[in-house]
Structure formats: C-alpha cells, structure tokens
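If you want the building blocks of each chain, they are given just below.
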Amino acid sequence: MTHVQHLKPFLKKTPFHDAMEAMMHGAGWIRWQGYYSPAYYDSIQSEYMATRNGATVYDVSPLIKYAIKGKDAAKFANYLVTRDLSKVAPMNVAYTAWCDDDGRMIEEGTLFRLGENDFILNAALHQLHWLNESAYGFSVEIEEISEQLAGLSLQGPNSRAILEVLGVQGIGKLPHFGIMETSVDGHWLRIDRAGFTGDLGYEIWVKPQDAPWLWETLFRIGDPYKIAPMGGHALEMTRVEAGFILVDVDYIGSHHAIRPTQRVSPIEAGIGWAVALKKDAYFVGKRALQKEKAEGSSRFILSGIEIEGRKPAPGAFLYADEKGTKELGLTTSAMWSPLLKKNIAFAQIPMAYTKPGTEMWIEIWYPKEKKIERSMVKCWTRNRMFFDPPRKKEIV
C-alpha cells in the first residue's frame, strides 16, 4: 500500500451519510464498525438537551445484524442467549447476553423475535464465527443482513408525537420493547420501541433506498417538535444516565480479552436479571453461571454510584475508607449529569457494597491551573438506572 492510498478514506458511508453531513458544523465524524458515524453536529450539550426535552435522531445503521431462521431457530436462539425466549412472543424485543462455556460474557444486545422461528440478533461486534460454531446440530440459517436495513433511533419525549404526524397508526399502543411493521407513503417501515437513551423512543428501520426519504420527512414534520440530530458524544451522556452498559467501555467481550481476569460474567456486569438460570432448556454457560450464583463467587457487581461534588470520575479507584487503605474497585463510565444535577458513575464493587446507600470513598485526579490535583471524596451506591421516566413505558 502506498502513502497516498493510506490517505484515502476507507470508511463506508451509511445511507444517511449525505443528509447527516449537510447538518454537521465541522468534521465531527468518528468510526463505528467501519462506517462514518457522527460524534457531534454542533453542540454536544444542545444535542443532549434536545433528547431530554424534544426529540433527536441518531443513525443506528452500523449496528451488526444477523438473521436467524429455520426449523430450529427458536431452539438455537434459546440455546445461544441467557434469557428464556419461551416467554418472548413474536414481534417483541428481548435484551439479553450471550456467553462462552465458562459463563463469561461475549456480548449483550437486543434480539428481535419476528416470528416463531424468525429472529434478528443486533450486536456491536462481529459474531458470525461464534454463531456458526454454536449452531452445530441445529437446522438453522444464519446470515448477516447489516446492509439490508438502514435505521434511525428517534428518541425523546416528542418522539411518539412525530410518528403520529408521520402517519404511523397505533404507535401509541406499541408497548415498550414491542415491534410493529407498517407502510407510510408506500415506504415499508419496521419500528421497535427501544433505544439507548432510557427515554421514550423508537428505532425505525427502512430499506436503504428509502433512507433519504425517512430523514427528510422526519425533519420536515418534526420541526414544531424541536427535532434535532444527535451524535455519539451526546448519546454517551444519555446512556450513562439510563444505566446501560457498553462493550469495550464497561466490560470486555470474552473473545477480545487479553487476560483471563478481564472476562466477566453477566452477573458481574450487573445484568444478572437477564440470566434465566431456571429456564428448562440449557444455554451456553448455564452450568458455570449456576455455580457462580450458588457459590456467590462473583468478584464484583457493576453498580451505579453517586459522587460528592461535581468532578467527574472516569477510571477512578474506590476505597472503603478515606485513607485509602482498602481498595474496592474501579469506575468504568462517569459523568456530571446536567439534567439530574448529580455526579454519577458505574463502578465495579464487591457484592457487600452493592446495597443502595452504602458509603465509600473515591480518589479523583483532576486538572487545576496546569497541575493535576487529587481529591478524596465520599460516594454512595445507587441504582444504576439513574434516569427512568414513566413516559419510557407509557401506553396512550
């Protein structure tokens, strides 16, 4: 490869790229699974506030999507993931984890059940090799369909009203994690009620050729509802407030861990509620997770913490005492929440410290007048879901 070839853009463009670029002030792109993805359009703060007070649009097309079909698709999916899919009816979404044989988490994400034996697994990392390896003995077809769908995440308190104006009949009755398919002006739409902001919101999927129509229509009819584009930096703020974990930030997928100690179980990642240890069918990692649960051998639980003061604490150590003689764990995500007016974070802490209200100490290093200063302040365990408005699940 020549020097000139190194300088040529190698990232792919999603079907929304041109529309997004036209609204961007400066070069606010970052890389997401080989695609250009917006980090910001103009102001991170204004995009964040638009999500919490109006509506925003985020391009989710780069998500990796696998179609799982065939006679044994339901059996295979139930074998693959930790949730009990016998309790998930068609046209519903299940948030779930999938693990290796040792019960260490490969990744977590959403699984769309479109029919009895018709699924779409949404992942942030490429998983096709693992899916094919796990499917041995099952009569299933697994196909990556990432480029067959383009998607926008429409989030915020005004998102439902915008879809009503768009002409989506029955959107008010769509339950949280429900899926519906419809058509508007001759364009096919698949809509699921989910998202990564913890707010009222939907994901809208269209055929790639219909992406420009969807973007233009949403922004034309959404103007009275304060619609705005949102980049990844503002999305990150809403994600932390909502308590959602992120691969390569809050945990390392077991297939990407360099050291064995980096591998975590879903229980340690704080999503033990998504592990159906009592489901009749076996799933990959079930015996190891049953053993971990029975023995109480989880090394830590990724929990929410609220920190004294306003200094964010990314990558900060937690201690049992102010002198720092007993180390407890480490933060993985942290921010000052403009909406909640709280200093919040996710932290890996021992089970004995996970009861809400438990007091700990945290060491924060921060820049001050060209120096890096240290402060030791109090923090308390909290529910990791810091932001959870009733409108997220409200039916109208």
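Here the structure is shown first, and the text comes after it.
The structure presented is a predicted model; accordingly, all values stated were derived computationally and were not measured. (Residues numbered from 1 in each chain as written. Predicted model: local features only at pLDDT ≥ 70, side-chain atom pairs only at ≥ 80, totals over all residues. Heavy atoms only, no water.)

### Brief notes about helix 6 (residues 159-166)
Phase 1: Along helix 6, the positions that sit buried rather than exposed are Ser159, Arg160, Ile162, Leu163 and Leu166. Seen along its axis, helix 6 keeps its buried residues to an arc of 160°; they face one direction.
Phase 2: One or two positions beyond helix 6, positive phi appears at Gly167, with a value near 105°. (Buried < 20%, exposed > 50% of the residue type's maximum accessible area, 1.4 Å probe, protein only. Helix = DSSP H or I, 4+ residues; strand = E, 2+ residues; numbered from the N terminus. Arc of directions from axis to C-beta.)

### What to know about the packing of helix 6 against helix 7 (residues 211-222)
Phase 1: Where helix 6 contacts helix 7, the axes come no closer than 10 Å and their chain directions differ by 110°. Between helix 6 and helix 7, the angle is such that the two are roughly perpendicular. Residue-level contacts link Ile162, Val165 and Leu166 of helix 6 to Thr217, Leu218, Ile221 and Gly222 of helix 7.
Phase 2: When the residues that make up the contact of helix 6 with helix 7 are grouped by side-chain class, the tally is 5 nonpolar, 2 polar and no charged. (Axes fitted to C-alpha atoms, helices over the stretch in contact; angles between N-to-C directions. Parallel < 35°, antiparallel > 145°, perpendicular 65-115°, else oblique. Contact = heavy atoms within 4.5 Å. Nonpolar A, V, L, I, M, F, W, Y, C, P; charged D, E, K, R; others polar.)

### Things to note about the nonpolar core
Phase 1: Met105, Phe112, Ile245 and Ile271 are the most contacted members of the largest nonpolar core, which has 35 residues in total.
Phase 2: Secondary structure elements with two or more residues in this core: strand 5 (92-99), strand 6 (105-115), helix 8 (232-242) and strand 17 (342-349).
Phase 3: Counting residues per element, this core draws most heavily on helix 8, which supplies 4 residues.
Phase 4: The residues contacting Phe112, other than those within four sequence positions of it, are Asn92, Val93, Asp118, Phe119, Ile120, Asn122, Ile179, Asp192, Glu203 and Trp205.
Phase 5: Judged by nonpolar contacts, the second largest core, of 34 residues, contains Ile191, Leu200, Tyr202 and Val206. (Core = buried A, V, L, I, M, F, W, Y, C linked by side-chain atoms within 4.5 Å.)

### Focus on the packing of aromatic side chains
Phase 1: Under the definition given, this model contains 8 aromatic pairs.
Phase 2: The rings of Phe16, Trp215 and Phe219 are connected pair by pair, giving a single aromatic cluster.
Phase 3: Sitting over the ring of Trp336, Arg310 keeps its end group 4.3 Å from the ring centre.
Phase 4: Positioned over the ring face of Phe346 is Arg384, at 5.5 Å from the centre of the ring. (Phe/Tyr/Trp six-rings, centres within 6.5 Å; stacked < 30°, edge-to-face > 60°. Lys NZ or Arg CZ within 6 Å of the ring centre and 35° of its normal.)

### Here we look at the pairing of strand 2 (residues 35-38)
Side-chain direction in a regular strand flips from residue to residue, so the side chains alternate between the two faces of the sheet.
Phase 1: Alternating positions in strand 2 separate into two faces, Tyr35 and Ser37 on one and Tyr36 and Pro38 on the other, with burial throughout.
Phase 2: By the bridge criterion, 4 bridges tie strand 1 (residues 29-32) to strand 2 in an arrangement that is antiparallel. Each residue of the ladder has a partner; that of Ile30, found in strand 2, is Ser37.
Phase 3: Here strand 1 folds back onto strand 2 in antiparallel fashion, the turn holding 2 residues, of which Gln33 has a positive phi close to 50°. (Pairing = 2+ DSSP bridges.)

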